[in-house]
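Here's the letter readout for the chains.
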Amino acid sequence: IVQNSLTLDGVKLLCCGKALRLAKADNGIRMTAESHGQSYDLVVDQLLVSAGRAPNVEGLGLEAAGVDFDKSGVKVNDRLQTTQPRIYAAGDICSPYQFTHAADAMARIVIQNALFGGRKKASDLIIPWCTYTDPEIAHVGLSEEQAKAKGIPVRTFVQKFDEVDRAILESEPEGLVKVHVRAGTDQIVGATIVARHAGEMISEITLAMTAKIGLKTIGSTIHPYPTQAEAIKRVADAYNRTRLTPFVKRLFARWLAWSR
């Protein structure tokens, strides 16, 4: 969905590039690359390189303090203690989730554990993230591939925005809500939302996962109409319909026939 949006904006994507070569050209920069078996030879005006981040640990005296670190950052345990138990770390310096909101959540754990004898664990955090493309991509929990790798059987429910009235009215029908639940239950293990305001919408599912609220409860929660968040309720409704098994349908049919 995002790729189609970028293409409509005039962005040309050469994904999974191989054999990348750069050289000076009379009128810019020559770039040659291979993408999905096709070769490209282009001259571009400017080159923007996203090189990632490096932890800023130089000059802190970590070795003298007995704090272990490597090129990826400071090493911590699940309670955010470094290898020097009286020193804690939080945020990008030690977290695989390099987000401001993740650093804030980790800092709260450090305060509780370091100052008040808390036993909070970073692994208990349910951290959503959002990529601010147009439309946005928001995610929380496990993907289908991650759940499979962990041996967790899941069932997936999807609601596209081209069936949601508010999205249609606002000419934003491209997008979807995808929720994974543990098979045989309504326990949410992960979700992805692609929408103009996906980052605003993912919090409802994050709250449900944090409070251990399942899709069944979301389905019984009234959402104002028309809103794009109604798509989340529709996903929950889709789950609730699966509870109406053939056996339950036969029971209802018999009950209704008898009650007449």
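Residues numbered from 1 in each chain as written. Predicted model: local features only at pLDDT ≥ 70, side-chain atom pairs only at ≥ 80, totals over all residues. Heavy atoms only, no water.

Now for the overall build of the protein. Within the protein, the regular secondary structure consists of nine helices and ten strands. For a compact globule of 260 residues, the expected C-alpha radius of gyration is about 18 Å, and the protein comes in at 24 Å, more than 25% above that figure. Dimensions of the protein, computed from C-alpha atoms along their principal axes, come out at roughly 80 × 60 × 35 Å. Here the protein contributes 32 positively and 28 negatively charged side chains, and the mean placements of these two sets differ by 11 Å. (Helix = DSSP H or I, 4+ residues; strand = E, 2+ residues; numbered from the N terminus. Rg over C-alpha atoms; globule rule 2.2 N^0.38 Å. Lys, Arg positive; Asp, Glu negative; His and termini not counted. Charge placed at Lys NZ, Arg CZ, Asp CG, Glu CD.)

Attention now moves to the pairing of strand β1 (residues 18–25). By the bridge criterion, six bridges tie β1 to strand β2 (residues 28–35) in an arrangement that is antiparallel. Paired with Leu22 across the strands is Met31, a residue of β2. Counting the residues in the hairpin turn of β1 and β2 gives two residues. (Pairing = 2+ DSSP bridges.)

Membership of the largest hydrophobic core comes to 28 residues, with the highest contact counts inside it found for Phe161, Val177, Val179, Ile188, Ile193, Ile205 and Leu215. The set of elements that each furnish at least two residues to this core consists of β7 (136–141), β9 (176–182), β10 (188–195), α6 (198–210), α7 (215–219) and α8 (230–242). Dropping the residues within four chain positions of it, Val179 is found in contact with Arg155, Thr156, Phe157, Ile188, Gly190, Ala191, Ile205, Leu215 and Val235. By size, the runner-up hydrophobic cluster in this structure holds ten residues, among which are Val67, Ala89, Cys94 and Ile109. (Core = buried A, V, L, I, M, F, W, Y, C linked by side-chain atoms within 4.5 Å. Buried < 20%, exposed > 50% of the residue type's maximum accessible area, 1.4 Å probe, protein only. Contact = heavy atoms within 4.5 Å.)

Before going further, it helps to spend a moment on the sheet that holds strand β3 (residues 38–44). With antiparallel pairing, three strands are arranged side by side in an open sheet as β1-β2-β3. Edge strands, defined here as strands with exactly one partner in the open sheet, are β1 and β3. Put simply, the sheet's adjacent strands are angled 15° from each other on average, direction ignored. (Axes fitted to C-alpha atoms, helices over the stretch in contact; angles between N-to-C directions.)

A few words on the pairing of β7. Taken together, the three bridges between strand β6 (residues 129–131) and β7 define a ladder with antiparallel strand orientation. The residue of β7 that forms the bridge with Thr131 is Ile137. Connecting the antiparallel pair β6 and β7 is a turn made up of four residues. Here β7 pairs with β10 via six bridges, running antiparallel.

Turning next to the side chain of Thr206. Inspection of the secondary structure puts Thr206 in helix α6. On the basis of relative accessible area, Thr206 is assigned to the buried category, the value being 9%. In this structure Thr206 touches Ile126, Pro128 and Val140, once residues within four positions along its chain are discounted.

Our next topic: the confidence of the model for the protein. Across the protein, pLDDT averages 93, with 100% of residues at or above 70. Looking across the protein, the model is least confident in helix α9 (residues 246–259), with a mean pLDDT of 77, and most confident in β9, with 98. (pLDDT = per-residue confidence, 0-100.)

Our focus in this paragraph is the environment of Lys75. Of note, Lys75 is situated in the loop between β5 (73–74) and α3 (100–116). Separated by 172 residues in the primary sequence, Lys75 and Phe247 place their C-alpha atoms 54 Å from one another. Not counting residues up to four positions away in its chain, the partners in contact with Lys75 are Asp68, Phe69, Asp70, Gln81, Thr82 and Thr83.

Within the secondary structure layout, Glu136 lies in strand β7. Polar contacts involving the side chain of Glu136 include one to the main-chain amide nitrogen of Gly199, which spans 2.9 Å. Those residues in contact with Glu136 that lie beyond four places of it in its chain are Cys130, Thr131, Ile193, Val194, Ala195, Arg196, His197, Ala198 and Gly199. (Polar contact = N/O pair within 3.5 Å; in protein donor to acceptor, adjacent residues only side chain to side chain.)

A few words now on the sheet that holds β6. With respect to topology, five strands assemble into an open sheet ordered β6-β7-β10-β9-β8, the strand pairing being antiparallel. A single partner strand is all that each edge strand has here, and the edge strands are β6 and β8 (154–160). Taken pair by pair, the neighbouring strands of this sheet meet at an average axis angle of 10°, ignoring direction. One ladder, built from six bridges, connects β9 with β10; its direction is antiparallel.

Residues Asp134 and Pro135 are joined by a peptide bond in cis, for which omega reads 5°. With an omega dihedral of -5°, the bond running from Tyr225 to Pro226 counts as a cis peptide bond. Within the element layout of this structure, Pro226 appears in the loop between α7 and α8. Even without a glycine there, the phi angle at Cys16 is positive, about 55°. Within the element layout of this structure, Cys16 appears in the loop between α1 (2–8) and β1. Assessed through its relative accessible area of 57%, Cys16 is described here as exposed.

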